[in-house]
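One letter stands for each residue in the lines below.
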Amino acid sequence: MHIPFAIPGCRIERVVEQDPDRLVVPMRRRGASGRCPDCGGTGRSVHSRYHRHPADLPLSASRTVLRIEVRRFSCFNPSCHRRTFAESPSELLSRRARRTRRLA
Ligand SMILES: [Zn+2]
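Residues numbered from 1 in each chain as written. Predicted model: local features only at pLDDT ≥ 70, side-chain atom pairs only at ≥ 80, totals over all residues.

### Considerations on the nonpolar core
Part 1: The biggest cluster of nonpolar side chains holds nine residues, and these are Ile-7, Leu-23, Val-25, Met-27, Val-65, Leu-66, Ile-68, Leu-92 and Leu-93.
Part 2: Looking at this core, the elements that each hand over two or more residues are strand 3 (22-29) and strand 8 (62-74).
Part 3: When near neighbours in sequence (up to four residues on either side) are disregarded, Val-65 contacts Arg-22, Val-24, His-53, Ala-55 and Asp-56. (Core = buried A, V, L, I, M, F, W, Y, C linked by C-beta atoms within 7 Å. Buried ≥ 20, exposed ≤ 12 C-beta atoms within 10 Å, placed from the backbone. Helix = DSSP H or I, 4+ residues; strand = E, 2+ residues; numbered from the N terminus. Contact = placed C-beta atoms within 7 Å.)

Structure representation (C-alpha cells):
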C-alpha cells in the first residue's frame, strides 16, 4: 500500500494492516548519524535500537500507528559525560508523546 503523505525526516518501509481498522506504518529516520544533545558531537556508531508507536492521522478511515525505529548512538567525545543518546524525531513528536504533533 502506498501512503499518500510524507513523514518529515523519515523513510517509510511499508504499510501493514494489523486488523480491519488499524494500519501500522513501519519507518526509520533518514541519515546515518545523530547529534549528541549534550556536546553536539556527531555519533555514527549505533549502540542499540528500540521502537516507538505513536498514533498518527487516520488513513482511509483506519486508525494509523507509526512504528518508528529509534537508534541509540554512542558518544565518543572524551569530555562528554553522556555515553549514549537516542536520535530524536522531534519534528514529528515530542519526547514521550504517544501521538504525533499533527494528530495532537
Ligand atoms: Zn556527547
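### A closer look at the pairing of strand 3
Part 1: Of the pairings in the sheet, the one linking strand 1 (residues 10-12) to strand 3 comprises three bridges and is antiparallel in character. Among the inter-strand pairings, Arg-11 is bridged to a residue of strand 3, identified as Arg-28.
Part 2: Counting the residues in the hairpin turn of strand 2 (residues 16-19) and strand 3 gives two residues.
Part 3: As paired elements, strand 3 and strand 8 share seven bridges and run parallel to each other. Bridge pairing links Arg-28 to Glu-69 in strand 8. (Pairing = 2+ DSSP bridges.)

### Points about the environment of Glu-87
Part 1: Along the polypeptide, Glu-87 turns up in the segment after strand 9 (84-86).
Part 2: In the structure, Glu-87 is positioned 16 residues away from Arg-71 in sequence and 5.9 Å away in space, judged by C-alpha atoms.
Part 3: In contact with Glu-87, other than residues within four places in its own chain, are Arg-29, Gly-34, Val-70, Arg-71 and Phe-73.

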